[in-house]
Every structure is written in structure tokens, then in C-alpha cells.
Amino acid sequence: MTSGHPLPRDRQPTLTIAQVAERTGLSHDTLRYYERAGLIERVGRTTGNQRRYDAADLAWLEFLLRLRETGMSIADMQHFARLRAQGDVTVADRLAMLREHRAELAERIRALRRNAAALDDKIDHYERLLGDMPAQPGTDERT
């Protein structure tokens, strides 16, 4: 991560906020919010104070998106980001958080599979009903 101060010439980040927004699908406002909320450290700035993201910033944002897409709360993401900012001393805590999140995700996946199976059963039921009876206008079969 980079600090909020201008970077030396040999370490200039390469992506503008617009480029990062395009790559991640996050809006400019969301990227700014993530910075204010402490999800990402302050990114490097040009001498004109424009945000410039480096490869490490982009990789971290992509991981945050995975956490968000798998249902991790913003508060938990913030906690994870604070732990990450503290360095290697927090590796065990971060691992524990990710293991817990993965277990919760696995349970949601199992629940979704059960729900999908129930929907498949109902779809099969209705397809059998339609195949067994002639179409009748105005009939509304409810279960």
C-alpha cells in the first residue's frame, strides 16, 4: 500500500481512479468511501492530488470484493483491514477470520443447494402436470 503522500518518480502508481473503477466495477464514490472507511489505506497521489493506484492496491481491492461478494460485513472487512495494516503479527488472527468466514460461506452454499433442489422438484412437478393434462384456459393450479 502507498501512503497519501506523493510518491517518488520510480514508484508512481499506474492506475487512475477511473481505471480502477472500470476494472473492479466499483464506482468512484465507493472507492473513495473504501478509503474513508479504512478498507484501503490512503492511495498515492500525484502532485495534482489525484489518486493513483498501484498493483498492490488493485490486488487488495479485488480481495475485498471477494469478501464482499461472499457476504462478509463491512465491519468485518474493516476489522480484517486493520489487522492487515498491523503486519505479520496478526497473521493468525486473519487466518482465523478467513476460516470462520469460509465455514459460514460453506453453510450458505449448502443451504442454497437445498433450496435449488426444492425448486427443481417443484419445476419437475409442474412439468409433469403440464405433460399429463391438456392445456385448459383459465386453469390456475396452486400449491
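Residues numbered from 1 in each chain as written. Predicted model: local features only at pLDDT ≥ 70, side-chain atom pairs only at ≥ 80, totals over all residues. Heavy atoms only, no water.

(A) Up close: the sheet that holds strand 2 (residues 44-45). Read across the sheet, 3 strands follow the order 1-3-2 without closing on themselves; strand pairing throughout is antiparallel. Because the sheet does not close on itself, it has two edges, and the strands there are strand 1 (15-16) and strand 2. (Pairing = 2+ DSSP bridges. Helix = DSSP H or I, 4+ residues; strand = E, 2+ residues; numbered from the N terminus.)

(B) Summary view of helix 5 (residues 91-132). Between its first and last C-alpha atoms helix 5 spans 61 Å; for 42 residues at 1.5 Å apiece the expected length is 62 Å, and the two agree. What helix 5 keeps buried is the set R94, M97, H101, L105 and A106. Those residues of helix 5 that are buried lie in contact with helix 3 (55-69) and helix 4 (74-85). (Expected span 1.5 Å × (residues − 1). Buried < 20%, exposed > 50% of the residue type's maximum accessible area, 1.4 Å probe, protein only. Contact = heavy atoms within 4.5 Å.)

(C) Molecular detail of the packing of aromatic side chains. Applying the stated criterion across every chain, the model contains 4 aromatic pairs. Judged by centre distance (6.1 Å) and plane angle (10 degrees), the rings of W60 and F80 are stacked. With a gap of 20 residues between them, W60 in helix 3 and F80 in helix 4 connect regions that are remote in the sequence. Aromatic rings pair up to connect W60, F63 and F80 into one cluster. (Phe/Tyr/Trp six-rings, centres within 6.5 Å; stacked < 30°, edge-to-face > 60°.)

(D) Representation of the environment of H79 in the model. Here H79 lies in helix 4. With a relative accessible area of 35%, H79 lands in the partly exposed category. The spacing of H79 and M97 is 18 residues in sequence and 9.4 Å in space, taken between C-alpha atoms.

(E) Layout of unusual backbone geometry. A positive phi angle, near 70 degrees, is found at N49, a position not held by glycine. Structurally, the position occupied by N49 is in the loop between strand 2 and strand 3 (51-53).

(F) Local environment of the nonpolar core. In this structure, L31, Y34, I40, Y53, L61 and L64 are the most contacted members of the largest nonpolar core, which totals 24 residues. Where this core is concerned, the elements lending two or more residues are helix 1 (17-24), helix 2 (28-36), helix 3 and helix 4. No other element matches helix 3, which puts 6 residues into this core. Leave out the neighbours within four places in its chain, and Y34 touches L26, L39, I40, L61, L64, R68 and M77. (Core = buried A, V, L, I, M, F, W, Y, C linked by side-chain atoms within 4.5 Å.)

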